[in-house]
Amino acid sequence: MKKAPGDEPDEDLTVTPPKKWAAGVPAVAHALEYSLEETSARRTGTTLLTMNQVDGIDCPGCAWADPAPGHRHRNEYCENGAKHINDEATTRRIGADFFREHSVSDLAGRSDAWLNQQGRLTEPMVKRPGSDHYEPISWNDAIGLMVEELTSLDTPDEAVFYTSGRASNEAAFVLQLFARALGTNNLPDCSNLCHESSGYALHETLGTGKGTVSLHDLHHADLIFLVGQNPGSNHPRQLSALEEAKRNGARIIAVNPLPEAGLLRFKNPQKPRGVIGPGTQIADRFLRIRNGGDLALFQAVNRLLLEAEDARPGEVLDHGFIDADTTGFEEFARHVRGVEWDDVLAATGLTREEIEQVRDEVLRSERVVVCWAMGLTQHKHAVPTIREIVNFLLLRGNVGRAGTGACPVRGHSNVQGDRTMGIWEQMPDSFLDSLKEEFGFDPPRAHGYDSVNAIRAMREGKVKFFLGLAGNFVRATPDSTVTEEAVRRCRLTAHISTKLNRSHTVCGDTALILPALGRTERDVQATGEQFVTVENSMSEVHTSRGRLRPASSLLLSDIAILCRLARRTLGDKPDIAWDRFEADYGVIRDHIARIVPGFEDYNRRVARPGGIQLMNPVNEGVYSTGTGRALFTRNSAEAPRVPEGHLLLQTLRSHDQWNTVPYTSNDRYRGIHGSRRVVLVNPDDVRGLGLSDGQRVDLVSVWSDDVERRAEDFRVVPYPTARGCAAAYYPETNLLVPLDSVADHSNQPTFKSIVVRLEPARVGAAQA
Ligand SMILES: Nc1nc2c(c(=O)[nH]1)N[C@H]1C(S)=C(S)[C@@H](COP(=O)(O)OP(=O)(O)OC[C@H]3O[C@@H](n4cnc5c(=O)[nH]c(N)nc54)[C@H](O)[C@@H]3O)O[C@H]1N2
Ligand SMILES: Nc1nc2c(c(=O)[nH]1)N[C@H]1C(S)=C(S)[C@@H](COP(=O)(O)OP(=O)(O)OC[C@H]3O[C@@H](n4cnc5c(=O)[nH]c(N)nc54)[C@H](O)[C@@H]3O)O[C@H]1N2
Ligand SMILES: [Mo]
């Protein structure tokens, strides 16, 4: 696919040295600058001061947990949270005039940033078959078009319902209920693209798909690993927790191909000390690992721990725990003792001394936590990698005790809650049985499509209807050219959205834009003002209540749209009180209370300050693995193989974007300004590949099919990433990721592991 015609020009690219610290005064100043550009000062004040407060709005920025009530800052938000919230609270609006002026093909040629900058969507719009324009439509007719399509499907499995992790618990619950009452489990979600590998590996080994760590555990750990995550940009409030852990004496080891600013040093903008002083050093050790080398690293550390036990029997491993609470230790131990150092050093790019130093840190530590994010989950061998981390934790009993555990750091603010509510194409029978008992219909049992399989099915013409509950499906998914063609085969595509994005421009014969209330906005229904609930990365469930006047009087809530659609599609079969759900979200919560374990007495408990802390069974010593014990696994040594003359590309976020939506072309902490079309390459590789600083190149990915996937016209930026690796921004590079390049077991796209070669740019050559 060609570079999109509207992509920002990169003539203004300037590169400065990467920053060595994150947050602090400039961060807050940047947020205010951005918010004042987007909204009025008063709206900014109203939203920011209620963010993450008891009775306020849950920040849509990320899923990091809030400190306990009474321990929150007056300003419990970060620079990026402020940007995200103001992006929604913008005073810019688009409606019928805008769509009259801009055809769908015109919009399809604009950049992601431009589409987002146009402002909030204000009225329902339809693009009819054969037309190249969206035109206004009433809510009644818009829902009518969807009903017509849904009721004429040959089978309910021709419908797909995608959920992005912004959706509230209540909206998610209603959507899955509707899909299952209709007769399908086709409920792909952004989690398929995000932490699916974590969920799979943790389920298999610990019997729970969720992290086992609370903020308290993090504060009291004495060794914390940060593997494959960039908290300075993506979870800035995590840095406050790490700062506290350090104050309590914790040591931190960061494992990353890139020396990310937030991993190095943190200046806490909430404290005067953070503003003027040098800040807190975050990582005591930084391991610049090769992309995909983490499995080898943890296998090597595990081997060293076993050898340390041989040298000092009874002193290194937690035998009491291993004997009582785990299975598979002997087979695992035999296997991991055979790990070859040559393989480890090649896969990791680290030295043996560096890895031995990790062992020594571990041996000095009573309580260890491992945190990780997309740097681990988006690889072919992501599941074995996370399983090996569980092995590592189990060896010294680092689960289920205070100050220890596994901490997959979730992205979208309610991605975890949506899963809890049943957004999953393969919910267990226990959940489906409860639905049946509560609502009196038989939910389908066959697994539905996840995100990748939904695209495959669309490509084969098996999907006629697509509804997105928030999100930006065509930009979040891999193989953009293939995906866009697949989506265009649908008869009807509809999106419940707050802002314009690429998915509105790549559509089925009929397309609908269904504009929804955002989290910052007051939600008033027939019985009065409503709130919604969400679950964060640490399994705390709490309320979120918007304060702002809605961007337009025509907006409906996600829940209202879904309830109306469900009622008109299904009538009273099964007999579900969709009208009452819409009028009073408390009625939805009453059902959730009877269906989802841990949500008993939901309405009352969630209204208390701080909400509900869901129990993680692991912390009660319960492992729902089938054997009732945690599982040691044997994982074959595996690392990406990169042919001579090629690099292993990861696709990642800049500091100034929210997932598929870039806010500006800058990536301040990495020193990139004015362009996103850059590829970061180790200076030795730049030389070794005969490239030069600033050279224009195309990125061409290499995959077993013969399809050419080429991302055109990027500038080479020498950057201190690991040797043999490269990095470029998502979503501009999603077209390079083959649809079939997925993680084993979890089917998650390998967004962090794409073999590419860099060729002199065709565009640049033509211009020269
Ligand atoms: N401001 C902002 N905040 C966000 C988001 C956003 O877009 N903007 N997105 C939200 C979402 S949905 C998510 S999932 C999270 C994502 O949070 P992150 O996972 O931090 O996001 P990425 O930018 O994908 O960065 C991946 C990190 O892993 C490193 N990495 C890449 N490959 C490897 C590897 O093989 N091994 C190791 N050890 N490291 C590797 C990269 O260098 C990078 O530091 O952030 C959430 N928060
Ligand atoms: N190459 C590559 N691809 C990736 C990743 C990567 O690291 N590399 N990361 C993956 C990950 S971790 C994730 S989570 C996915 C993200 O994938 P998605 O969740 O699908 O994408 P977002 O960019 O978060 O969706 C943004 C859109 O959501 C809508 N929206 C925002 N807030 C609201 C709201 O309150 N209500 C409603 N109704 N709509 C709202 C807006 O219209 C906005 O345009 O991308 C994945 N794709
Ligand atoms: Mo994510």
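So, how was this worked out
- Residues numbered from 1 in each chain as written.
- Chains lettered and ligands numbered in written order.
- Predicted model: local features only at pLDDT ≥ 70, side-chain atom pairs only at ≥ 80, totals over all residues.
- Heavy atoms only, no water.
- Near = heavy atom within 4 Å.
- Polar contact = N/O pair within 3.5 Å; in protein donor to acceptor, adjacent residues only side chain to side chain.
- Areas by Shrake-Rupley, 256 points an atom, 1.4 Å probe, with all protein chains shown as cover.
- Nonpolar A, V, L, I, M, F, W, Y, C, P; charged D, E, K, R; others polar.
- Domains from an automatic or database assignment.
- Helix = DSSP H or I, 4+ residues; strand = E, 2+ residues; numbered from the N terminus.
- 1 Å grid on protein atoms, 1.4 Å probe; cavity = no way out; pocket = protein on both sides within 12 Å on 5 of 7 lines; lining within 4 Å.
- Points joined across faces, edges and corners; volume = space filled by probe spheres on them.
- Contact = heavy atoms within 4.5 Å.
- Buried area = accessible area lost by both parts, 1.4 Å probe.
- Salt bridge = Lys/Arg side-chain N within 4 Å of Asp/Glu carboxyl O.
- Expected span 1.5 Å × (residues − 1).
- Buried < 20%, exposed > 50% of the residue type's maximum accessible area, 1.4 Å probe, protein only.
- Axes fitted to C-alpha atoms, helices over the stretch in contact; angles between N-to-C directions.
- Parallel < 35°, antiparallel > 145°, perpendicular 65-115°, else oblique.
- Left-handed = near helix turned anticlockwise from the far one by under 90°.
- Pairing = 2+ DSSP bridges.
- pLDDT = per-residue confidence, 0-100.

Draft legend 1. Layout of the site of ligand 2. Around ligand 2, 29 residues are found, and the nearest of them are Y162, A476, T660, Y730 and N734. A distance of 2.8 Å separates an oxygen atom of ligand 2 from a polar atom in the side chain of N501. Bound to the protein, ligand 2 loses 97% of the 930 Å² it would expose on its own. When the residues that make up the shell around ligand 2 are grouped by side-chain class, the tally is twelve nonpolar, twelve polar and five charged. Two domains each put at least three residues into the shell around ligand 2: domain 1 (93-193 + 414-619) and domain 3 (647-767).

Draft legend 2. Broad picture of the site of ligand 1. Lining the immediate environment of ligand 1, one finds 34 residues, of which N256, E260, G292, D294 and N659 sit closest. Between N256 and ligand 1, the recorded distance is 2.7 Å, taken from a side-chain N or O atom to an oxygen atom. Between an oxygen atom of ligand 1 and a main-chain N or O atom of M374, the distance comes to 2.9 Å. At the level of elements, α3 (79-88), α11 (231-234), α20 (374-377), β24 (647-652) and β25 (657-658) are the ones that each hand at least two residues to the shell around ligand 1. In the shell around ligand 1, the residues fall into eleven nonpolar, 19 polar and four charged.

Draft legend 3. Highlighting the layout of surface pockets. Considering only enclosed or pocket space, the largest pocket measures out at about 1000 Å³ in volume. In this structure, the largest pocket is lined by 37 residues; those nearest its centre are H203, T208, G209, K210 and T420. Those elements that place two or more of their residues in the lining of the largest pocket are α9 (196-206), α22 (415-420) and α23 (429-439). The dominant element in the lining of the largest pocket, judged by the number of residues it contributes, is α9, at four residues. For the lining of the largest pocket, a count of residues per class yields eleven nonpolar, 20 polar and six charged.

Draft legend 4. Focus on the environment of K436. Position of K436 among the secondary structure elements: in helix α23. Separated by 250 residues in the primary sequence, K436 and V686 have C-alpha atoms spaced 60 Å apart. If near-sequence neighbours (up to four positions away) are discounted, K436 is found in contact with F441, D442, P443 and R445.

Draft legend 5. Examining the domain arrangement of the chain more closely. According to the domain assignment, the chain contains domain 1 (93-193 + 414-619), domain 2 (196-408) and domain 3 (647-767). For domain 1 and domain 2, the distance between their C-alpha centroids amounts to 35 Å. Across the boundary between the two partners, domain 1 contributes 16 residues, which contact 15 residues of domain 2. Taken together, the two surfaces of domain 1 and domain 2 that pack against each other cover about 1200 Å², and 46% of this comes from carbon and sulfur. If you sort the residues of domain 1 by the area they bury against domain 2, M538, V618 and N619 come out on top, with a joint share of 44%. Put simply, domain 1 and domain 2 have two salt bridges between them. For the salt bridge of K210 with E535, the shortest nitrogen-to-oxygen distance reads 2.9 Å. Inspection of the domain 1/domain 2 interface yields nine residue pairs in polar contact (both at pLDDT 80 or more). Broken down by class, the residue content of the side of domain 1 that touches domain 2 amounts to five nonpolar, eight polar and three charged.

Draft legend 6. Region of the structure containing helix α12 (residues 236-247). For α12, built from twelve residues, the straight-helix expectation of 16 Å at 1.5 Å per residue is met to within 8% by its first-to-last C-alpha distance of 18 Å. Counting buried positions along α12 yields nine of twelve residues, so the element is predominantly enclosed. One or two steps after α12, the chain reaches G249, where phi turns positive at roughly 100°.

Draft legend 7. Fine view of the packing of helix α8 (residues 169-182) against helix α27 (residues 558-570). At a minimum axis distance of 9 Å, the contact between α8 and α27 shows a crossing angle of 15°. Considering their axes alone, α8 and α27 lie roughly parallel with respect to each other. Where α8 crosses over α27, the two elements pack in a sense that is left-handed. Listed contacts from α27 to E170, A171, V174, L175, F178, A181 and L182 of α8 are D558, I559, L562, C563, L565, A566, T569 and L570. In terms of residue class, the contact of α8 with α27 is made up of twelve nonpolar, one polar and two charged.

Draft legend 8. Structural view of the sheet that holds strand β4 (residues 125-127). The sheet built from six strands is open, its strands ordered β5-β4-β17-β16-β15-β6 with mixed pairing. Looking at the sheet topology across the chains shown, the edges are occupied by β5 (134-136) and β6 (159-163). The average undirected angle you get between the axes of adjacent strands in this sheet is 15°.

Draft legend 9. Molecular detail of the pairing of β6. Counted residue by residue, β6 has five buried out of five residues, so it is predominantly covered. Inspection of the sheet shows β6 paired to strand β15 (residues 465-469) by five bridges, in the parallel sense. Note on β15: the bridge partner recorded for T163 is L469.

Draft legend 10. Examining the environment of A245 more closely. Tracing the sequence through the fold places A245 in helix α12. Its relative accessible area of 0% is what places A245 among the buried residues. Separated by 446 residues in sequence, A245 and L691 have C-alpha atoms that sit 43 Å apart. Sequence-distant contacts of A245, defined by excluding residues within four places in its chain, comprise L218, H219, I224 and A250.

Draft legend 11. Up close: the packing of helix α17 (residues 329-337) against helix α21 (residues 382-395). Between α17 and α21, whose axes approach to 12 Å, the crossing angle comes to 110°. Compared by their axis directions, α17 and α21 come out roughly perpendicular. With respect to the hand of their crossing, α17 and α21 are arranged in left-handed fashion. In this structure, α17 uses F329, F332 and V336 to contact α21, whose residues at the interface are E388, N391 and L395. Classifying every residue of the contact of α17 with α21 by side-chain character gives four nonpolar, one polar and one charged.

Draft legend 12. The confidence of the model for the chain, seen in detail. In the predicted model, the chain carries a mean pLDDT of 93, and the fraction of residues at 70 or more is 92%. Between residues 1-6, whose pLDDT stays under 50, and residues either more than four places distant or in other chains, the model counts twelve contacts.

Draft legend 13. Inspection of the pairing of β24 at higher detail. Burial of β24 is extensive: six of the six residues sit out of reach of the surface. Because side chains alternate across β24, one face comprises the buried residues L647, L649 and T651, and the other comprises L648, Q650 and L652, equally buried. Relative to strand β32 (residues 754-760), β24 runs antiparallel, the two being bridged by three bridges. Each bridged residue has a counterpart across the sheet, and for L648 the counterpart in β32 is V755.

Draft legend 14. Spatial organisation of the pattern of salt bridges. Inspection of every chain in the model, using the stated rule, returns 54 salt bridges. Between R312 and E315 there is a salt bridge, with the nearest N and O atoms lying 3.2 Å from each other. Judged by relative accessible area, E315 falls into the exposed class, the value being 52%. In the salt-bridge network here, residues are joined through shared partners; they are K246, R251, D284, R285, E361 and R364.

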